[in-house]
Each structure stands twice: as C-alpha cells, then as structure tokens.
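Listed below, chain by chain, are the residues.
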Amino acid sequence: TVWRHRICGATDGPAVPGNVSMGGVIGATDLPYAVEHLEVAWSDVTVPVPIRIWRSVGHSYNAFVIESFIDELAARAGADPVAYRLRLLAGQPRLQRCLERAAELAGWSRAAGEGRALGVAAGVWMGTHVAEVVEIDTVRVDRPTARQVWCVVDCGTVVHADSAVAQVEGGILFGLGAALYGGVQIRDGRVLDDNFHRHRLLRIDESPVVHVEFVASDAYPSGLGEASVPGIAPALANAWFRLSGERARRLPFVPAT
C-alpha cells in the first residue's frame, strides 16, 4: 500500500542546493507497479571526484533496488515472483505481455533442476518495456554463473531487427559484467584500474546464451541502447536468492580487491 524510496547520490555536474537530480530518480518516480501511495526522496551528496552518467542512468541502481525488493515481497508473501509481479502490473498490459512471454520461453513453471535456478526482473526502462529471466548454476560457489538469459522487449516498431537484437544482447552482457565485477580498486587514494589488464571484465566463457524476442507492436519506436541493462543485475540477484537463500544487497557480486 505504501512505497517509500530514498536515494542518496551525487549530481551529474555542479550541485544546486534544493535541486533534485532527475537522472538520479528516474525509474523510481515512474514505478510501474500499482502501489497506492508512492514517495520518492532525493538527497544530494557532495563527492570530491567528477560524477558522470552511467549507461541507463538512474534506472541502473533503481531497477536493482525495486526488482530485488519486489522479489523479496513475493517471497515474504509466499507467492511466485512472476505471478506476484503480474498482479501488480494490472495497469501495464505491454509489460505484462513481456513478462508472461519471458517466463514462458524460460520454462518458468518447470523446476530449473538441481544446482540451477531462475531469476526474473521487469520494468519500463528508457521508455521500453522489458522482461528478463536469467538461469544460473553453482559452478562457482562464491558467485552466480549465468548460463542463459531470456529477454522479451516491447520497443514499439522495430526499425532494424539485427541492430535491435545486438543492442539488447550488448546491454545484457554489459550489465552482467558490471553486476559481477564492476568495482574499482583504490589504494592510498589512487585508482589502480589504469587499463583493462587491471579491470575485470566479463569473459567469453562466462557469457550466457542470450535469447531475444520482440513483441509485435505498431507503437512509436522507443530506445534500445540502454533498455536491457537495468534488469540483468536484479534478475541475477533474484536467481541467486532462489539458489542459495542469500539476498544480494550490494553490487558488484565480486568486490574489487
């Protein structure tokens, strides 16, 4: 009945007292779920280094918070995570269709199998409706290993099919790498990641098989360059909970050392 969402962060550019970072609250102020009372608060934090926009802007961390917490609420209610979301998305038919189809493609209703689990996330990110299901296993016991991702997208009219698929695939791999390894190593006030040989990226043998499907639509085209990024981290974290019973409340999964 009540959702309070509080965000503390730095503004992209010079901070103005009393101003709200619209890029920082995006994804929280337009919550797709049917919650009767919504409050979103922004607190500006001054940091000594320049802050710039990350791919998918505020949707990145807001989606992680929202989709992780929705999953937690479903668990508290003893409800299936997909069914719980569908019930709260009564006013979002396009997103409902994406979620239903992603669950169908992933075989959500079937058990994932011993040592495997599925996690889900959905949202309207950068104006595009997206649902993602990720399958993980326990090959590495200290972190989730994504094996497959199913992503269903309603971005209105698809202008160039190959480019659209590539954007979605690239966003998923980018977001997955950030969720696992996106930390920065700092020692004595100095950043150690001075090039890619010191900054951990997602490797080919860690990359999942990505299945992308677009919902047929004659709606006006919306963006794809960032839309698949926000959902992969919470979907991964929710799968990890179903497999291990542990909630991921910090990212990346593998802290920088």
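Within each chain, residues carry numbers counting from 1 in the order of the written sequence. Restriction of local features to residues with pLDDT of at least 70 applies here, the model being predicted, together with a cutoff of 80 or more for giving and counting side-chain atom pairs; totals for whole chains, interfaces and linings are based on all residues. Only heavy atoms go into the side-chain values, all of them from the structure, while hydrogens and water stay out.

Give me the lowdown on the side chain of Ser228, citing residues and values where you can.
Strands here are runs of E lasting at least two residues and helices are runs of H or I lasting at least four, both read from the DSSP assignment and numbered beginning at the N terminus. Note that Ser228 resides in the loop between strand E8 (209–214) and helix H6 (229–244). In this structure Ser228 comes out as buried when scored by relative accessible area, which is 2%. Only protein chains enter the area calculation, which uses a 1.4 Å probe; residues under 20% of their type maximum are buried, those over 50% are exposed, and those in between are partly exposed.

Residue-level account of the side chain of Ser68, with values.
Tracing the backbone through its elements, the reader meets Ser68 in helix H2 (residues 59–77). On the basis of relative accessibility, which here comes to 11%, the residue Ser68 falls in the buried class. Contacts are assigned to residue pairs that have any heavy atoms within 4.5 Å of one another. Setting aside anything within four residues of it in sequence, one finds Ser68 in contact with Ala63, Pro234, Ala237, Asn238 and Arg247.

Tell me about helix H5 (residues 161–181), and name the residues and values.
Take the residue count of a helix, subtract one, and multiply by 1.5 Å to get its expected span. Counted at 1.5 Å a residue, the expected span for H5 with its 21 residues is 30 Å, and the 30 Å between its end C-alpha atoms agrees. For H5, the set of buried residues is Ala164, Val168, Gly171, Ile172, Gly175, Leu176, Gly177, Ala179, Leu180 and Tyr181. On its buried side, H5 packs onto strand E4 (128–137), strand E5 (145–154), E8 and H6.

Break down the sheet that holds E5 for me, citing the residues and quoting the values.
At least two bridges found by DSSP between two strands is the condition for calling them paired. On the basis of which strands lie adjacent, the open sheet formed by 4 strands has the order E3-E4-E5-E8 and mixed pairing. Pairing within the sheet leaves two strands with one partner each, and these edge strands are strand E3 (116–125) and E8. For this sheet, the mean inter-axis angle between neighbouring strands, taken without regard to orientation, is 15°. Axis lines are fitted through C-alpha atoms, for helices just across the contact stretch, and the angle between N-to-C directions can take any value from 0 to 180 degrees. The strands touched by H5 are E4, E5 and E8; relative to E8, the strand with the most contacts, the crossing angle is about 135°.

Tell me about unusual backbone geometry, and name the residues and values.
With an omega of 0°, the peptide bond running from Leu251 to Pro252 counts as cis. Examined against the element boundaries, Pro252 turns out to sit in the segment after H6. Positive phi values are uncommon outside glycine, yet Ser56 reaches one of about 85°. Tracing the chain through its elements places Ser56 in the loop between strand E2 (37–44) and H2. Residue classification places Ser56 among the buried residues on the basis of a relative accessible area of 0%. One non-glycine residue with positive phi stands out, namely Asp188, at about 55°.

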